[in-house]
Amino acid sequence: MDSTQICLAQRPVGEPDASTFTTHIQPLPDLQDGQVALAIRYLSLDPYMRGRLSAAKSYADPVEIGAVMVGGTVGEVVESRFEGLAPGDVVLSYSGWQSAAIAEGSQVRKLDPSLAPVTTALGVLGMPGFTAYAGLLEIGRPQEGETVVVAAATGPVGSAVGQIARIKGARAVGIAGGPDKVRALTEQFGFDAAVDHRAPDFVDQLKAATPDGIDVYFENVGGHVFDGVRRQLNNRARMPVCGLVANYNLTSQPVGPDQLAGFLGQVLTKSLTVRGFIQDEFTRSHGRDFVRDMGAWLADGRVRYLEDIVEGLENAPAAFAGMLRGDNFGKLVIKV
Ligand SMILES: NC(=O)c1ccc[n+]([C@@H]2O[C@H](COP(=O)([O-])OP(=O)(O)OC[C@H]3O[C@@H](n4cnc5c(N)ncnc54)[C@H](OP(=O)(O)O)[C@@H]3O)[C@@H](O)[C@H]2O)c1
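Model, not experiment: these values are computed from the prediction.

The subject of this paragraph is the nonpolar core. Grouped together as the largest cluster of nonpolar side chains are 41 residues, with contacts concentrated most on L45, W97, I175, Y217, V229 and F320. Mapping this core onto the domain boundaries places at least three of its residues in each of domain 1 (2-120 + 307-335) and domain 2 (127-280). Setting aside chain neighbours within four positions, we find I175 in contact with V149, V150, A151, A152, A153, L185, V195, H197, F202, L206, V225 and V229. In terms of nonpolar packing, the next biggest core, distinct from the first, is built from 31 residues, V124, A153, A172 and F189 among them.

With that out of the way, let us pick up the packing of helix α5 (residues 202-209) against helix α6 (residues 223-230). Remark: α5 packs on α6, axes separated minimally by 10 Å, with the N-to-C direction vectors making an angle of 45 degrees. Relative to α6, the element α5 is oriented oblique. Between α5 and α6 lies a crossing of right-handed hand. Every residue of α6 that contacts α5 at F202, V203 and L206 is listed here: H224, V225, G228 and V229. For the contact of α5 with α6, the class distribution of residues is five nonpolar, two polar and no charged.

Moving on: the packing of helix α2 (residues 127-140) against helix α8 (residues 283-299). For the pair α2 and α8, the least separation of the axes is 10 Å and the interaxial angle reads 110 degrees. Considering their axes alone, α2 and α8 lie roughly perpendicular with respect to each other. The two elements α2 and α8 meet at a crossing, and its hand is right-handed. Contacts between α2 and α8 involve G129, F130, Y133, A134 and E138 on the former and, on the latter, T283, H286, G287, D289, F290, D293, M294 and W297. Class assignment of the residues belonging to the contact of α2 with α8 gives a composition of six nonpolar, four polar and three charged.

Right, let's get into the pairing of strand β14 (residues 307-311). Here β14 pairs with strand β15 (residues 331-335) via five bridges, running parallel. Bridge pairing in β15 places E307 opposite K331.

Once that is clear, we can look at the site of the ligand. What surrounds the ligand is a group of 29 residues, the closest being K181, H197, N220, Q279 and N328. Within the side chain of Y248, one N or O atom sits 2.8 Å away from an oxygen atom of the ligand. Protein contact buries 93% of the 920 Å² of open area that the ligand shows by itself. For the shell around the ligand, the secondary structure elements donating two or more residues are α2, α3 (156-167) and α6.

It is worth spelling out the domain arrangement of the protein at this point. Once the domains are mapped, the protein shows domain 1 (2-120 + 307-335) and domain 2 (127-280). Each of domain 1 and domain 2 has a C-alpha centre, and these two points are 29 Å apart. The interface of domain 1 with domain 2 comprises 16 residues on the first partner and 13 residues on the second. Interface area, domain 1 with domain 2, both sides summed: about 1200 Å², of which 67% is carbon and sulfur.

Here the structure, examined in full by the defined rule, presents eight aromatic pairs. Taking the centre distance of 5.8 Å and the plane angle of 75 degrees together, the rings of W97 and F320 count as edge-to-face. Taken together, the positions of W97 in the loop between β5 (90-93) and β6 (100-104) and F320 in helix α9 (residues 316-323) put the pair 223 residues apart, joining distant regions of the chain. Overall, the relative accessible area of 0% leaves W97 in the buried class. Summarising the aromatic geometry, the rings of F226 and F263 are spaced 5.0 Å apart at their centres and angled 85 degrees between planes, so their arrangement reads as edge-to-face.

A separate point is the pattern of salt bridges. All told, the structure shown has 14 salt bridges when counted by the stated rule. E76 serves as the salt-bridge partner of R41, at 3.0 Å between the closest nitrogen and oxygen. Of the two residues, R41 is situated in strand β3 (residues 35-44) and E76 in strand β4 (residues 73-80); the sequence distance between them amounts to 35 residues. According to the relative accessible area criterion, E76 is partly exposed, its value standing at 25%. Close ionic contact of E281 with R275 constitutes a salt bridge, the shortest N to O distance being 3.0 Å. Shared partners join several salt bridges into a network, and the residues in it are E15, R325 and D327.

With that settled, consider the sheet that holds strand β12 (residues 233-241). The strand order β10-β9-β8-β11-β12-β13 describes an open sheet built from six strands, whose pairing is parallel. Looking at which strands have only one partner, the edges of the open sheet turn out to be β10 (193-196) and β13 (273-276). Mean inter-strand twist for the sheet, computed between neighbouring axes without regard to direction, equals 15 degrees. Sheet topology places strand β8 (residues 147-150) next to strand β11 (residues 214-218); three bridges connect them, and they run parallel. Across the sheet, residue V150 finds its bridge partner in β11, namely F218. Helix-sheet contacts for α2 involve β8, β11, β12 and β13, and the interaxial angle to β11 is about 145 degrees.

About the criteria used
Residues numbered from 1 in each chain as written. Predicted model: local features only at pLDDT ≥ 70, side-chain atom pairs only at ≥ 80, totals over all residues. Heavy atoms only, no water. Core = buried A, V, L, I, M, F, W, Y, C linked by side-chain atoms within 4.5 Å. Buried < 20%, exposed > 50% of the residue type's maximum accessible area, 1.4 Å probe, protein only. Domains from an automatic or database assignment. Contact = heavy atoms within 4.5 Å. Axes fitted to C-alpha atoms, helices over the stretch in contact; angles between N-to-C directions. Helix = DSSP H or I, 4+ residues; strand = E, 2+ residues; numbered from the N terminus. Parallel < 35°, antiparallel > 145°, perpendicular 65-115°, else oblique. Left-handed = near helix turned anticlockwise from the far one by under 90°. Nonpolar A, V, L, I, M, F, W, Y, C, P; charged D, E, K, R; others polar. Pairing = 2+ DSSP bridges. Near = heavy atom within 4 Å. Polar contact = N/O pair within 3.5 Å; in protein donor to acceptor, adjacent residues only side chain to side chain. Areas by Shrake-Rupley, 256 points an atom, 1.4 Å probe, with all protein chains shown as cover. Buried area = accessible area lost by both parts, 1.4 Å probe. Phe/Tyr/Trp six-rings, centres within 6.5 Å; stacked < 30°, edge-to-face > 60°. Salt bridge = Lys/Arg side-chain N within 4 Å of Asp/Glu carboxyl O.

This is the structure in structure tokens:
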């Protein structure tokens, strides 16, 4: 079997573009005992992949030049030398940006397509949904009647944060880019209020939407959104720092006054909790509860999700670059 593979051609400076990636067609090696051959059906595109394009030291190794881009995938078993998996089974694997792959049978998870659409294993029932669940409940700890604010709020992490906050009795305020996304927050996801960070009066809109201040700010973006939010934080507010997507393509420090001293002053005088996390630190402590709770919330309609499915592996590079600008509307998935 041949695999069409999208590989890293060179490390981007700023936004990734057409020169960042290159495509090869590669025959797969022979199948060994314990392995399965997969036809990849869906590829997840996620903001963390921007970090893998950079050689800067981080919590995970960079993708090497010439290597297949990494990523979560849903694939169909076409040949198996692993007991317990047979052709036709659908599995979650980490096979990257390619059309076919060999995987260790022990490293993939069989999915049940009758329980939920298999793409949800890449979104609301997968890593992004888990990130929202663990980060909000363990660090944010929303209490009944409190106000929870999250940006990138129509994305898989943000939409789950807002909906879980409401399930816990908090008031959810979402921040998103543009009127269509803002409308979806209240109409489709049930947020109590929604604010457009692209609007010139963003900060005024945010103040109006948070009359009692902010008790939990789930930080997904940084940048000008953080500047607006931080002035509204209440005493003893919690801030799970999940992502800073506004910074991922920066090539130099943002211009403007240094706000660090002012923010640290707030951390001190308002007794703020600011805690960064990478989701897998919570797998052991929250993994089972997540599967139970999110499965139930999805089944009874208390949690909804939105997917943005782009057809064709060849469109992954452009879709990925677009996501970092906010072009995606919901969980971005490539239908390979
Ligand atoms: N810590 C962890 O373990 C972990 C795990 C998963 C994800 N994350 C992080 O969680 C965040 C959300 O991930 P996701 O998968 O749900 O992504 P996503 O929301 O589907 O996509 C990113 C969104 O970020 C928003 N954005 C981009 N540039 C922005 C800017 N300058 N200012 C404000 N918003 C901007 C855009 O939405 P708008 O158009 O609405 O602005 C864009 O759609 C990311 O920062 C990601 O890195 C962290």
